[in-house]
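Descriptive structure summary
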Amino acid sequence: MCGIFGCVGKISEEKAWECINQIKHRGPNALKVKKLNGITLAHARLAIIDISDESNQPMSDENEKFWIVFNGEIYNYIELRRELQTLGYSFRTEGDTEVLLKAYMQWGEAAQYKCNGMWAAAIWDVEKRKLFLSRDRFGIKPLYYYENKNGFFFASEMKSFFPIMDQKQVNYCLFDKGLNYFSFEETQNCTIKGIKKICAGNSAFLQNGKLTTKCWWNTLEHLIEVPESYDEQVEMFRELFLDSCKIRMRSDVPIGTALSGGLDSSTVVGAMNFLGKRIDVQKNWQHAFVASMPYSTIDETEYARKAAEHVGIEINRVPINAKVSPEEFLHEIYMCENPIGTAPRVFLQTYGAIKKSGVSVTLDGHGADELFGGYLFDLYYFGKKFINNECMLKYLLNIFNSTSLKENWVNEGEFIRRVIQSNNIVSNELSNKLDSFNKILYAETHTKTLPTLLRCYDCYSMANGVEVRMPFMDYRIVSFAFSIPWTSKLRKGYMKAIIRDMAEPFMSREILKRKLKIGFNSPMTEWFHGDLKEFILDTVSSKDFYECELINPLMVKMLVQDFYLNNKKDYFSGEAIWTAISPYLWKKAVIQS
């Protein structure tokens, strides 16, 4: 895991160093700039596999005909290395960077299909003066680009471009009707004018000043045959998941997990323990970190303790608070680059504590909710199909209430109202290969919730020099998830039913049968009543707040006044304030900094 920067065109070495230093937090182990004929490449390295200097980047082949800068991990690099060796390739390093470079030399852009991993890579063909850019199937790793009169630039984060931009400007087209956090993820658009991104599952060639992009991955084209029997589906899933965890435990440094105590992260830690007792994997994995917020209704420390206790490890509690100066609070927003749906402090503190403990890699549970149906609001969307089916609506309502905090329970009439008023998130072009529920989950996975989550967690973790690996996001599991019917996901009153049955051999029954879903979020309501109260009140009273064109300042102030006058204590009231005010905070932190 690293940070990359490059320029095809004119840039001084001094300016290139300035650009890569903007993201040195991503790679604290080595910084390097390489000027070549036609291109300048820069790299900030977080050493995970083959931590010797031999694997530093930019890296070339033996003849210096190809050069690479690469951010991410190719988990099946050992198998690819063996295959390339049979084809006559030799290797100077023990890492995955050289494997990816020589895979490209052998198979060209088709090498992408052979890789199981997460990546943003740039490969320069010296003889053809041709740049190849590639982003992994689901966009786990970011890849941005920017063009001006001096050339074409690419980087892992937008802030790498700030030293070469005359000025930072808001991309107002994304804010015309208020920013929808999920509205621009599947497009090339970014919140800063002039900056674009290579989309998930896309690649590009740059030659003679012309950029040609291509979508190389579409999950719908890679659905698989699955058994009709549910029990056989469970066995197939278990085999895939354990192998996904096994190859993600490949590391030359200690690994751990950010454990929430929910089903998904608990399943990951259970699988790591299961594998650790049976096969030769990284043995130094017993590091579980838990965000501790005992003052909040969304604290899951006790559930995390039970999950860790089941596998025989101790938890590392990370006390979370919002006692921070306005300047530091804005800096945390700056590190995230884009407006986000909740204050980043809880996540930045958690991964910061992980790094300070000596752990640079975590295996976390991201992706399970989107792939297997873990979000309550998806029940509203799905309910539209059964609006005239009273029995099915009652079934969905029962799942909703049994999975929610008691304060959020609803009656049948309110549930039906929410079903009717819910927006349709499914594209009309979506393939009939999927049933109604899987169409909703496909949108959540590829265009809505998950892309935003992946972008945010890359920022949270890499701001602290920590690599997050996601076993549920193995492309084989994603293809499997959209090849099984919805009845394998919503089953016997449970959401994500197939995960619960798959994880039975290595997870406690108490966790598997727990329906309540809380989620890993920032406790905005408690913070706005506590440590952040003065900050929020000062913010909505400031002159520049009222002059910010990205928000409706009067509406936001009324929202804040209502929050305090009525002493609102529910989670959603705090979240609503954050959503309304965050475009202003983002502009102040990122654009005006």
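Here the structure is shown first, and the text comes after it.
A brief look at the structure comes next. Each chain carries its own residue numbering, running from 1 in the direction its sequence is written. The predicted origin of the model limits local features to residues at a pLDDT of at least 70 and limits the giving and counting of side-chain atom pairs to 80 or more, whereas totals for whole chains, interfaces and linings rest on all residues. Hydrogens and waters are ignored; side-chain quantities use all the structure's heavy atoms.

Time to look at the sheet that holds strand E4 (residues 59–60). In this description, strands pair whenever DSSP reports at least two bridges between them. Runs of H or I in DSSP of at least four residues are treated as helices and runs of E of at least two as strands, each being numbered from the N terminus. The strand order across the open sheet formed by 6 strands is E4-E5-E6-E7-E11-E12, and the pairing between neighbours is antiparallel. A strand with exactly one partner marks an edge of an open sheet, and here the two such strands are E4 and strand E12 (210–215). As paired strands, strand E11 (residues 202–207) and E12 are joined by 6 bridges and run antiparallel to one another. The residue of E12 that forms the bridge with Leu206 is Leu211.

When the terminal C-alpha atoms of helix H5 (residues 230–248) are compared, their 27 Å separation across 19 residues agrees well with the 27 Å that a helix rising 1.5 Å per residue should span. Using a 1.4 Å probe on the protein chains alone, a residue whose accessible area is under 20% of its type maximum counts as buried, one over 50% counts as exposed, and one in between counts as partly exposed. What H5 keeps buried is the set Tyr230, Gln233, Val234, Phe237, Arg238, Leu240, Phe241, Leu242, Ser244, Cys245, Ile247 and Arg248. Contacts are residue-level and defined by heavy atoms, with any inter-residue pair within 4.5 Å sufficient. As for H5, its buried residues are in contact with helix H6 (263–276), strand E16 (361–363), helix H10 (368–372), strand E17 (467–469), helix H16 (475–481) and helix H17 (497–502). Among the residues of H5, the N-terminal cap falls to Ser229, whose side-chain oxygen and the backbone nitrogen of Asp231 are separated by 3.4 Å. Under the convention used throughout, the expected extent of a helix is 1.5 Å for every residue step, that is, one less than its residue count. Between N or O atoms, a polar contact is any pair within 3.5 Å; within protein, one atom must be a potential hydrogen donor and the other a potential acceptor, and residues adjacent in sequence are included only when both atoms are from side chains.

Before going further, it helps to examine the environment of Arg26. Tracing the backbone shows Arg26 in the loop between helix H1 (13–21) and strand E2 (30–36). The class for Arg26 is buried, based on a relative accessible area of 0%. Residues Arg26 and Ala44, spaced 18 residues apart in sequence, show a C-alpha to C-alpha distance of 6.5 Å. Filtering out sequence-adjacent residues up to four positions away, Arg26 remains in contact with Met1, Cys2, Gly3, Leu46, Asn71, Lys141, Pro142, Ser156, Glu157, Asp458 and Met462. A distance of 3.0 Å separates a polar atom in the side chain of Arg26 from the backbone oxygen of Cys2. Looking at Arg26, its side chain comes within polar contact range of the side chain of Asp458, at 2.9 Å.

Our next topic: the sheet that holds strand E1 (residues 2–9). Spatially, the 6 strands line up as an open sheet ordered E2-E3-E1-E9-E8-E10, and their pairing is antiparallel. Lying at the two open borders of the sheet, with one neighbouring strand each, are E2 and strand E10 (195–197). Geometrically, the sheet is characterised by an average inter-axis angle of 15° between neighbouring strands, direction not taken into account. Of the strand pairs in this sheet, E1 and strand E3 (residues 39–45) are connected by 6 bridges, and their pairing is antiparallel. By the bridge assignment for E3, Gly3 is matched with Ala44. The strands touched by H1 within the sheet are E1, E2 and E3, with E2 carrying the most contacts at an inclination of about 145°. Orientation is described by axes fitted as lines to C-alpha atoms, over the contacting stretch for helices, and by angles from 0 to 180 degrees between their N-to-C directions.

Moving on: the pattern of salt bridges. For this analysis, a salt bridge means a side-chain nitrogen from Lys or Arg found within 4 Å of a carboxyl oxygen belonging to Asp or Glu. The full count for this structure, using the stated rule, is 37 salt bridges. The salt bridge partner of Glu18 is Lys15, with a shortest N-O separation of 3.3 Å. Of the two residues, Glu18 and Lys15 both sit in helix H1, 3 residues apart, roughly one turn of that helix. For Glu62, the salt bridge is made with Lys102, and the minimal N-O distance between the two is 2.6 Å.

Contact geometry for helix H8 (residues 326–336) and helix H23 (residues 571–591): axes closest at 9 Å, N-to-C directions at 90°. When the axis of H8 is compared with that of H23, the two are roughly perpendicular. Residues Phe329, Leu330, Ile333 and Tyr334 of H8 pack against Trp578, Leu585, Trp586, Lys588, Ala589 and Val590 of H23. Of the residues that constitute the contact of H8 with H23, the class distribution is 9 nonpolar, no polar and 1 charged. For this classification, under 35 degrees means roughly parallel, over 145 means roughly antiparallel, 65 to 115 means roughly perpendicular, and everything else is oblique. All residues other than Ala, Val, Leu, Ile, Met, Phe, Trp, Tyr, Cys, Pro, Asp, Glu, Lys and Arg, Gly among them, are scored as polar; the first ten of these are nonpolar and the last four charged.

Bridge analysis of strand E14 (residues 288–292) against strand E15 (residues 315–319) gives 5 bridges, and the strand direction is parallel. Among the inter-strand pairings, Ser292 is bridged to a residue of E15, identified as Pro319. Looking down the strands as they point away from you, a crossover is right-handed if its path from the first strand over the helix to the second goes clockwise. Taking the sense of rotation as the criterion, the β-α-β connection linking E14, helix H7 (residues 301–311) and E15 turns out right-handed.

Moving on, we come to the packing of helix H9 (residues 345–356) against helix H15 (residues 449–462). Contact geometry of H9 with H15 gives a least axis separation of 8 Å together with a crossing angle of 45°. With respect to H15, the axis of H9 lies oblique. The crossing of H9 and H15 is right-handed. Seen from H9, the contacting residues are Phe347, Leu348 and Tyr351; seen from H15, they are Tyr457, Cys459, Tyr460 and Ser461. The residue makeup of the contact of H9 with H15, split by class, is 6 nonpolar, 1 polar and no charged. Handedness of a crossing is defined here by the sense of rotation of the near helix relative to the far one, left-handed for an anticlockwise turn of less than a right angle and right-handed for a clockwise turn.

Relative to the assigned elements, Arg345 resides in helix H9. Within polar-contact distance, the side chain of Arg345 engages the side chain of Glu332 at 2.4 Å. Sequence-distant contacts of Arg345, that is, excluding residues within four places in its chain, are made with Asn321, Ala322, Lys323, Val324, Glu328, Glu332 and Trp527.

This part is about H8. All of the buried residues along H8 are Phe329, Leu330, Glu332, Ile333, Tyr334, Met335 and Cys336. Buried residues along H8 sit against H9, H15, helix H20 (533–539) and H23. Positioned one or two residues after H8, Glu337 has a phi angle of 70°, which is positive.

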